[in-house]
Number of protein chains: 2
Amino acid sequence: MAQESPTFSPLYRQIKSLILQALESGEWRPGQVIPSEQELAARFSVSQGTVRKAIDEMAADNLLIRKQGKGTFVASHNDPRALFRFLRLVPMDGDLAPPQSVPMDCWRAKAGQEASRMLGIELGDPIIIVRRLLKFAAKPVVIDEIYLPGEVFPGLTLEVLQSWSGSLYSLFETRFGLRMIRAQERLRAVAADRSTSEALKVPEGTPLLSVERVTYTYGDRPVEWRRGLYSTAEHFYLNELN
Amino acid sequence: MAQESPTFSPLYRQIKSLILQALESGEWRPGQVIPSEQELAARFSVSQGTVRKAIDEMAADNLLIRKQGKGTFVASHNDPRALFRFLRLVPMDGDLAPPQSVPMDCWRAKAGQEASRMLGIELGDPIIIVRRLLKFAAKPVVIDEIYLPGEVFPGLTLEVLQSWSGSLYSLFETRFGLRMIRAQERLRAVAADRSTSEALKVPEGTPLLSVERVTYTYGDRPVEWRRGLYSTAEHFYLNELN
DNA sequence: TAGTGGTCTAGACCACCCC
DNA sequence: GGGTGGTCTAGACCACTAC
């Protein structure tokens, strides 16, 4: 008889969003354990099974990582397994060695039409632009141009980038407390222009894979827009379809 | 004290593989309902919760589709929602209308080096090669060359292809009882050769997206290898990274 | 009203990890 | 031995669909 709420949400989803809030607020940091399922069940006054289902979904979303016998951990880009989560480039023959990131340039600018739309900020807001090279086995394969909202990355300079040995997202997470959750990539084929061809050491006009990526943090907030040009002479972009 | 089995498999996974077997054997066909969770629980002598967990995983794998109040159904490529499961091409501005498939050629041949390796068959085994165009809004965007193991597709001819109005995989499923489960794509950028440029109506040398796909049916058995050349002037390949 | 999947609970036991 | 996540069960109730 009672009016059902038109936006009915099961208990475990409410628990999920409470845990999400705690993550967002930094109550538990990347790499750390979160409380056990029993503790969370007590804290939220629900059964362990309900907490379990919430955590199940978050583990499927790559937000948490379960380890039997040890506990549940906040996912981190410092984890070496996270390195290839957003990088789908694979050498055509052989081994999947981690690439070397070579920051080449880093400067400040004002957001133009496209950057403001992609990053969800106002026209003219401060942004940071990074140019960097990705090398596989000492050979240049990708040139990236990365656009970041200036307010989110205070104090980001070329020096900071160059002195960091891990991945870019690992730097963002450690230094700016910003965790990348998901991304969307748009791929096209383009011809190498002069400066790109020099950077990647390919003839001008060579077909390259253009990969535009928008990356989101908690709450589906876009915090990075980048365009990469991939030389696919000895590598390909691998995609699993399920 | 007892020796633990080194290949321990929980009950719900055993149930899962039993249900998988039933699917493979054709006991329930694509689009049909499978028995209710209660019935399956009785059949396998386990609790409903265990069956439920097995079905949960299979739904996540896109093998089954749950519909509250109605039942659980075998996933089918005849379902219009399945159309874009393997096709990641999206128009740059606007609407996602279903493309039109235009089969151009279909002939028999013997498997060469590459085809035999990709399809897991012997060198010289009979294969079928299909060439077809994909049109979006009446404009040619993709040219596909598709390699199929001959034994799996008896009686496949250009006529059969041309008289079928649905998707290719929907034809395979309906006519040959073959369900495509997952696929792996390798993307590169290449330059359009003469014949491709004519088919896609682009200048020779235009950068194109080369998409090589291997598609698998039950039991991870490869049953299709195709190479598509995508014109990315007005479309892009969209990929979600989670 | 009856049947389906979806949620929630409580409790028992198993597998794994660390002390 | 004691803690963690992982499995399995049984039962109650809710939400949705069909008739």
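Not measured: the values here are computed from a predicted model.

Analysis parameters
- Residues numbered from 1 in each chain as written.
- Chains lettered and ligands numbered in written order.
- Predicted model: local features only at pLDDT ≥ 70, side-chain atom pairs only at ≥ 80, totals over all residues.
- Heavy atoms only, no water.
- Helix = DSSP H or I, 4+ residues; strand = E, 2+ residues; numbered from the N terminus.
- Contact = heavy atoms within 4.5 Å.
- Areas by Shrake-Rupley, 256 points an atom, 1.4 Å probe, with all protein chains shown as cover.
- Axes fitted to C-alpha atoms, helices over the stretch in contact; angles between N-to-C directions.
- Parallel < 35°, antiparallel > 145°, perpendicular 65-115°, else oblique.
- Nonpolar A, V, L, I, M, F, W, Y, C, P; charged D, E, K, R; others polar.
- Buried < 20%, exposed > 50% of the residue type's maximum accessible area, 1.4 Å probe, protein only.
- Polar contact = N/O pair within 3.5 Å; in protein donor to acceptor, adjacent residues only side chain to side chain.
- Pairing = 2+ DSSP bridges.
- Buried area = accessible area lost by both parts, 1.4 Å probe.
- Salt bridge = Lys/Arg side-chain N within 4 Å of Asp/Glu carboxyl O.
- Domains from an automatic or database assignment.
- Near = heavy atom within 4 Å.

Turning to the overall build of chain A, a few remarks are in order. The helix and strand inventory of chain A stands at seven helices and eleven strands. Taking the contacts inside chain A whose residues are at least 6 apart along the sequence as the reference set, 57% of them involve residues at least 24 apart. Here chain A displays about 12500 Å² of accessible surface, and carbon together with sulfur accounts for 51% of that area.

To continue, consider the packing of helix α1 (residues 11-24) of chain A against helix α2 (residues 37-44) of chain A. Residues and elements named next belong to chain A. One way to put it is that α1 packs onto α2 with a least axis distance of 12 Å and a crossing angle of 105°. It follows that α1 is roughly perpendicular to α2 by the angle criterion. Counted together, Ile15, Leu18, Ile19 and Ala22 of α1 and Leu40, Arg43 and Phe44 of α2 form the full contact between these two elements. By residue class, the composition of the contact of α1 with α2 is six nonpolar, no polar and one charged.

What follows covers helix α6 (residues 168-176) of chain A. All names here are of chain A. When you tally the buried positions in α6, you get seven out of nine residues, the bulk of the element. Considered for burial, the residues of α6 that qualify are Leu168, Tyr169, Ser170, Leu171, Phe172, Glu173 and Phe176. Of the surrounding elements, those touching the buried residues of α6 are β6 (126-136), β7 (139-149), α5 (158-162), β9 (207-217) and β10 (221-230). Looking one or two places after α6, you find Gly177, whose phi comes out positive at around 60°.

Residues and elements named next belong to chain B. Positionally, Ser197 belongs in helix α7 (residues 194-200). Ser197 sits in the buried class, given a relative accessible area of 7%. Side-chain polar atoms of Ser197 contact the backbone oxygen of Arg194, separated by 2.6 Å. Not counting residues within four places of it along the chain, the set of residues in contact with Ser197 comprises Ala192, Val202, Pro203 and Glu204.

Right, let's talk about the pairing of strand β2 (residues 64-67) of chain A for a bit. Sheet faces and side chains relate simply in a regular strand, where the side chains alternate between the two faces. Residues and elements named next belong to chain A. Summarising the sheet, β2 and strand β3 (residues 71-74) pair through four bridges and their orientation is antiparallel. Bridging across to β3, Lys67 finds its partner in Gly71. As consecutive antiparallel partners, β2 and β3 are separated by three residues, and within that stretch Gly69 has a phi angle of approximately 85°, a positive value.

Listed as interface residues are 29 residues of chain A and, on the opposing side, 29 residues of chain B. Taken together, the two surfaces of chain A and chain B that pack against each other cover about 2700 Å², and 51% of this comes from carbon and sulfur. If you sort the residues of chain A by the area they bury against chain B, Asn239, Leu241 and Asn242 of chain A come out on top, with a joint share of 25%. Between chain A and chain B we count two salt bridges in total. Among the ionic pairs, Arg182 of chain B bridges to Glu240 of chain A, the shortest N-O distance being 3.6 Å. Where chain A packs against chain B, one counts 19 residue pairs in polar contact (both at pLDDT 80 or more). Only β8 (182-191), β9 and β11 (235-241) of chain A provide two or more residues apiece to the side of chain A that touches chain B. The leading source of residues in the side of chain A that touches chain B is β8 of chain A, at ten residues. Class assignment of the residues belonging to the side of chain A that touches chain B gives a composition of 15 nonpolar, six polar and eight charged.

Residues and elements named next belong to chain B. Even without glycine at this site, Asn62 takes up a positive phi of about 65°. Of note in this structure, Ala138 is not a glycine but carries a positive phi near 70°. The residue Ala138 is located in the loop between β6 (126-136) and β7 (139-149) in this model. Judged by its relative accessible area of 61%, Ala138 falls in the exposed class.

All names here are of chain A. Ordered by their spatial adjacency, three strands build an open sheet running β1-β3-β2, and the pairing between neighbours is antiparallel. Pairing within the sheet leaves two strands with one partner each, and these edge strands are β1 (33-34) and β2. Most of the contacts of helix α3 (residues 48-60) go to β2, to which it runs at about 115°, and overall it touches β1, β2 and β3.

Residues and elements named next belong to chain A. Its domain assignment divides chain A into domain 1 (11-74) and domain 2 (80-237). Placing a centre on the C-alpha atoms of domain 1 and another on those of domain 2 gives a separation of 31 Å. If you look at the interface, domain 1 gives seven residues, while domain 2 gives six residues. Buried surface at the junction of domain 1 and domain 2, summed over both partners, amounts to about 640 Å²; 62% is from carbon and sulfur atoms. Considering only the surface of domain 1 that becomes buried against domain 2, Pro30, Asn62 and Leu63 emerge as the three largest contributors, covering 51% of it.

This brings us to the protein's contact with DNA strand C. In the vicinity of DNA strand C, 20 residues are found, and the nearest of them are Leu11, Ser47 and Thr50 of chain A together with Arg52 and Arg66 of chain B. Here, DNA strand C places atoms within 4 Å of the protein, and 83% of those atoms are sugar or phosphate. Arg52 of chain B places a polar side-chain atom, nitrogen or oxygen, 2.8 Å from a phosphate oxygen of DNA strand C. Note that a phosphate oxygen of DNA strand C is positioned 3.4 Å from one of the side-chain N or O atoms of Thr72 of chain B. Of all the elements in the fold, those that place two or more residues in the surface near DNA strand C are α1 and α3 of chain A together with β2 (64-67) and β3 (71-74) of chain B.

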